[in-house]
Amino acid sequence: MAAMIPYGRQIISDADVEAVVAVLRSDFLTQGPQVPAFEQALAAFCETPHAVAVNSATSALHIACLALGVGPGDTVWTCTNTFLASANCALYCGADVEFLDIDPRTLNVSVPELAAKLEAASAAGRLPKVLIPVHFAGLPCDMAEIAGLARRHGVAVVEDASHAVGARYGDGSPVGSGHHSDITVFSFHPVKIMTTAEGGAALTRDGALARKLALLRSHGMSREPEEMRGAPDGPWYYQQLALGYNYRMTELQGALGRSQLPRVPAWVDARHALADRYDQELAGLPLLLPWRGSPARSALHLYVVQLDEERTRVSRRHAFEALRAGGIGVNVHYIPVHTQPFFRERRAQSLPAAERYYARCITLPLHAGLTVEDQDTVIARLREVLQ
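Residues numbered from 1 in each chain as written. Predicted model: local features only at pLDDT ≥ 70, side-chain atom pairs only at ≥ 80, totals over all residues. Heavy atoms only, no water.

Any details on the side chain of His333? Residues and values, ideally.
Summarising the element assignment, His333 is placed in the loop between β13 (328–329) and α11 (341–346). Within the structure, His333 has its side chain in polar contact with the side chain of Tyr7 (distance 3.5 Å). Side-chain polar atoms of His333 contact the side chain of Thr363, separated by 2.8 Å. Residues within four places of His333 in sequence aside, it is in contact with Tyr7, Asn81, Phe136, Leu302, Tyr357, Cys361 and Thr363. (Helix = DSSP H or I, 4+ residues; strand = E, 2+ residues; numbered from the N terminus. Polar contact = N/O pair within 3.5 Å; in protein donor to acceptor, adjacent residues only side chain to side chain. Contact = heavy atoms within 4.5 Å.)

Run through the sheet that holds strand β5 (residues 130–132), naming residues and quoting values.
Strand order in the open sheet made by the seven strands is β2-β8-β7-β6-β5-β3-β4, with mixed pairing throughout. The outermost strands of the open sheet, each flanked by one partner alone, are β2 (50–54) and β4 (96–100). On average, each strand axis in the sheet is inclined to that of its neighbour by 20 degrees, with strand direction left out of account. Here strand β6 (residues 156–160) pairs with strand β7 (residues 183–187) via three bridges, running parallel. Of the residues in β7, the one forming a bridge with Val158 is Ile183. Sitting on the sheet, helix α3 (residues 57–67) is in contact with β2, β5, β6, β7 and β8 (200–204), with an inclination near 165 degrees to β7. Lying over the sheet, helix α5 (residues 111–124) contacts β3 (75–79), β4 and β5, oriented at roughly 140 degrees with respect to β4. (Pairing = 2+ DSSP bridges. Axes fitted to C-alpha atoms, helices over the stretch in contact; angles between N-to-C directions.)

Before we move on, can you summarise empty space enclosed by the protein with the specific residues and values?
With the rule as written, the count across this model stands at two cavities of 30 Å³ or more. What the largest cavity holds in volume is close to 70 Å³. Residue lining of the largest cavity: Arg9, Gln10, Ile11, Lys192, Ile193, Met194, Thr195, Gln260, Trp267, Arg271, His367 and Ala368, and that is the complete set. Residue composition of the lining of the largest cavity, grouped by class: five nonpolar, four polar and three charged. By volume, the second largest cavity amounts to about 40 Å³. Along the walls of the second largest cavity sit Asp96, Val97, Phe99, Phe343, Arg346, Arg347 and Gln349, which together make up its complete lining. Broken down by secondary-structure element, the contributors of at least two residues to the lining of the second largest cavity are β4 and α11. When residues of the lining of the second largest cavity are assigned to their parent elements, the largest contribution, three residues, is made by β4. Residues that form the lining of the second largest cavity fall into these classes: three nonpolar, one polar and three charged. (1 Å grid on protein atoms, 1.4 Å probe; cavity = no way out; pocket = protein on both sides within 12 Å on 5 of 7 lines; lining within 4 Å. Points joined across faces, edges and corners; volume = space filled by probe spheres on them. Nonpolar A, V, L, I, M, F, W, Y, C, P; charged D, E, K, R; others polar.)

Help me get a handle on helix α7 (residues 207–216), residues and values and all.
Of all the residues in α7, the buried ones are Leu209, Ala210, Leu213, Ala214, Leu215 and Leu216. On the buried face of α7, the contacting elements are β2, α3, β7, β8 and β9 (221–222). N-cap assignment for α7: the residue whose side-chain oxygen lies 2.8 Å from the backbone N of Ala208 is Asp206. (Buried < 20%, exposed > 50% of the residue type's maximum accessible area, 1.4 Å probe, protein only.)

How would you sum up helix α4 (residues 85–92)? Please name residues and give values.
Burial within α4 is extensive, with seven of its eight residues counted as buried. Where α4 is buried, its residues meet α3, β3, β4, β5, β6 and α11. Where α4 terminates, the next one or two residues include Gly94, which has phi positive at roughly 85 degrees.

Outline the nonpolar core, listing residues and values.
Among the nonpolar cores identified, the biggest contains 81 residues, and Leu42, Phe186, Phe188, Tyr278, Leu282 and Leu364 are the most heavily contacted of them. By size, the runner-up hydrophobic cluster in this structure holds 35 residues, among which are Val70, Val130, Leu216 and Phe343. (Core = buried A, V, L, I, M, F, W, Y, C linked by side-chain atoms within 4.5 Å.)

I'd like a description of the packing of aromatic side chains, backed by residues and values.
Counting across every chain of the model gives eight aromatic pairs. Here the aromatic rings of Phe83 and Tyr334 are separated by 6.4 Å at their centres, their planes lie at 45 degrees, and the arrangement is tilted. On the criterion of sequence distance, the pair formed by Phe83 in the loop between β3 and α4 and Tyr334 in the loop between β13 and α11 is long-range, its members being 251 residues apart. The exposure class assigned to Phe83 is partly exposed, which follows from its relative accessible area of 47%. Centre to centre, the rings of Phe342 and Phe343 are 5.1 Å apart; their planes meet at 90 degrees, and the pair counts as edge-to-face. An aromatic cluster is built from Phe83, Phe136, Tyr334 and Tyr357, whose rings are joined through pairwise contacts. Directly above the ring of Trp291 sits Arg105, whose terminal nitrogen or CZ lies 4.1 Å from the centroid. Geometry around Tyr358 places Arg316 over its ring, the cationic atom sitting 4.7 Å from the centre. (Phe/Tyr/Trp six-rings, centres within 6.5 Å; stacked < 30°, edge-to-face > 60°. Lys NZ or Arg CZ within 6 Å of the ring centre and 35° of its normal.)

Here is the structure:
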């Protein structure tokens with residue numbers, strides 16, 4: 001039986017393997033030179049002063065909320081078209097979460113809805129502490145507009161850019177540069193643009209926030225005399241200054257990240273070339289194709305199509321199961337988080353645009369290692385299913 005064509009997967013080169021093996025043969029498997037070197041390279045890549053690497057984007061979202069003071073009695077807002085972690089990070093801090101609907105074209109947060117909701121919350125004295133816009137599928141949100149709204153109402157912003165390493169805003173600056181938010185979070189899971197196996201990072205232009213993030217990822221512990229309460233007992237001394245966590249990235253992951261990072265622009269270019277082929281070859285099918293008219297440059301983590309119900313009677317479930325049976329590793333991104341039982345029991349919300357999108361969306365294989373032959377197989381089998 002032929003192997004399943006996955007919707008996403010990592011690319012590991014001989015140089016990547018050699019970088020990890022070199023760490024295994026070194027003196028440090030954790031808390032050595034590789035992670036700081038990766039952080040410096042990532043910060044330079046994103047044109048921002050500070051990057052704090054952690055063991056997952058979920059951890060990065062958690063400590064980003066903590067660093068911004070989120071706690072019991074606070075509320076965090078995020079888009080419902082995302083993975084669970086974008087919402088769970090608020091609950092980890094003891095705060096509440098509310099969800100925002102999507103723009104049916106971009107599949108990102110609806111900026112008009114956000115503006116209206118902020119005005120109403122301001123009038124009611126119920127503004128969120130933090131807003132977490134999500135760059136779905138690698139397409140940056142309209143961060144200039146979102147940042148303006150947030151500043152007007154005194155709301156902090158954490159960009160969930162888990163899909164968007166290598167993306168650029170409409171002004172050409174890299175996602176992660178931090179000009180439109182307090183903190184930006186990346187994911188380096190194997191299906192993302194680049195990988196450190198598991199791993200993530202939080203980037204910021206604010207040195208004080210960066211230091212908080214660094215403390216929180218490592219037990220809230222400092223060895224810096226200038227940060228201590230009183231003089232240290234000696235060179236061995238450390239103090240716990242906050243309640244932190246063990247969210248550190250290992251040296252192996254840091255070395256892999258350093259090796260992968262320079263190839264991100266070429267991988268994003270490859271994804272765009274593949275997406276161009278999809279756009280051309282799928283144009284005649286009863287599908288709504290991803291909108292690609294934004295002035296921003298997407299990292300194209302995902303290529304998501306929607307069944308056009310006016311032109312086909314094929315259900316999403318039938319298409320999904322038929323494609324999987326034919327060796328095509330399609331997926332669905334995402335089940336709207338507000339519809340999950342855990343969140344529905346906390347607060348019932350109706351977000352019709354996201355619910356309509358979810359009912360007909362399918363994620364097709366797209367990654368820099370996808371061959372033209374495999375893509376042709378995806379296209380041919382999709383045609384069979386729909387025609």
